[in-house]
Amino acid sequence: MLGSRPALGPHSLRQMDYALAVAESLTADPTWAANVIGLIGDYVLGAVSRELAELEAQRRTGQNEDEWRASVAPYIREVVESGAYPHFTRGVVEARDQSFTEQFTFGLERILNGISTD
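Because the structure is a prediction, the values reported are computed rather than measured.

Asks: I would appreciate a short explanation of the layout of surface pockets in the present structure.
Replies: One water molecule sets the probe size; rolling that probe over the atoms shows where empty space is left. Estimates place the volume of the second largest pocket at around 330 Å³. Lining the second largest pocket are E65, W68, R69, V72, I76, F88, G91, V92, A95, R96, D97 and Q98. Sorting the residues of the lining of the second largest pocket by element identifies α3 (65-82) and α4 (86-94) as the ones contributing at least two each. Per element, the largest residue contribution to the lining of the second largest pocket is five residues, and it comes from α3. The class makeup of the residues in the lining of the second largest pocket is six nonpolar, two polar and four charged.

Here it is as structure tokens:
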């Protein structure tokens, strides 16, 4: 269903109509409004796909995220100590770990802020 054409039943039409009404409150251009709805939908779809991929990896391997991190930690230490990947190393050493919810919220806020300033 992810890449399929949209359903055109009364419930999905009502949802699309509502979303377009919200977007049209920002602009009189229906093309711009439709693009805004598509952008937000694509962002949500990407975020959900990434989270589902993690859940599938956990199911397939039997390891939760913490167990997986522990299993790759020796390799990551080698990578960091090699000095070959300074930007990756900085992310591993300095960046704050965030949940899917925090990452999703961060991205959605940036998208909505960008839309509101256009």
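Still to come is the rest of the account.
Asks: Hey, could you run me through the packing of helix α2 (residues 30-61) against helix α5 (residues 100-116) in this one?
Replies: Close contact between α2 and α5 brings their axes to 11 Å; oriented N to C, the two are set at 170°. As judged from the angle between their axes, α2 and α5 are roughly antiparallel. When you trace α2 past α5, the crossing you get is right-handed. Here α2 contributes W32, V36, L39, I40, Y43, V44, A47, R50, E51 and E54 to the contact with α5, which in turn contributes F100, Q103, F104, G107, L108, I111, L112 and I115. Taken together, the residues of the contact of α2 with α5 break down into 13 nonpolar, two polar and three charged.

Asks: Even after reading the chapter, I still don't get a nonpolar patch on the surface, so can you show me in this structure?
Replies: Nonpolar side chains collect at one region of the surface, where V44, V48, L52 and L55 lie side by side and expose about 320 Å² of accessible area between them. For L52, the position within the fold is in helix α2.

Asks: Teacher, can you tell me more about the packing of helix α1 (residues 10-24) against α2 here?
Replies: Axes are the key here: two packed helices are described by the angle between their axes and the distance separating the axes. For the pair α1 and α2, the least separation of the axes is 9 Å and the interaxial angle reads 115°. You can see that α1 and α2 cross each other, and the crossing is right-handed. Note on element contacts: α2 touches α1 through P30, W32, A33, A34, V36 and I37, opposite A19, L20, A23 and E24. The residue inventory of the contact of α1 with α2, partitioned by class, reads nine nonpolar, no polar and one charged.

Thresholds applied
Counting restarts for each chain, with residues numbered from 1 along the sequence as it is written. With pLDDT at 70 or above as the cut-off, local features in this predicted model cover only qualifying residues; side-chain atom pairs require 80 or more to be listed or tallied, and sums for whole chains, interfaces and linings still use all residues. The side-chain numbers reported here are obtained from all heavy atoms of the structure, hydrogens and water having been left aside. With a 1 Å grid laid over protein atoms only, a set of points is called a cavity when a 1.4 Å probe fits there but cannot get out and a pocket when it is open yet has protein on both sides within 12 Å along at least five of seven lines; lining residues have an atom within 4 Å of a point. Grid points are joined across faces, edges and corners, and a volume is the space filled by probe spheres set on the points. Under the scheme used here, helices are H or I runs from DSSP no shorter than 4 residues and strands are E runs no shorter than 2 residues, and both carry numbers assigned from the N terminus. Classification convention: Asp, Glu, Lys, Arg as charged; Ala, Val, Leu, Ile, Met, Phe, Trp, Tyr, Cys, Pro as nonpolar; all other residues, Gly among them, as polar. The axes are straight lines fitted to the C-alpha atoms, using for helices just the contacting stretch, and the angles between their N-to-C directions are given from 0 to 180°. Here the angle decides the label: under 35 degrees means roughly parallel, over 145 means roughly antiparallel, 65 to 115 means roughly perpendicular, and every other value means oblique. Crossing chirality is assigned from the near helix's rotation relative to the far helix, an anticlockwise turn below a right angle marking it left-handed and a clockwise turn marking it right-handed. In what follows, a contact means two residues having at least one pair of non-hydrogen atoms within 4.5 Å. Residues forming no salt bridge and having over 30% relative accessible area are the ones grouped into patches, like charges within 9 Å of each other and nonpolar side chains (Val, Leu, Ile, Met, Phe, Trp, Tyr) within 5 Å. Under the convention used here, a 1.4 Å probe and the Shrake-Rupley method define accessible areas, while residue burial counts only the protein chains that appear. A carboxyl oxygen of Asp or Glu within 4 Å of a side-chain nitrogen of Lys or Arg is what we treat as a salt bridge.

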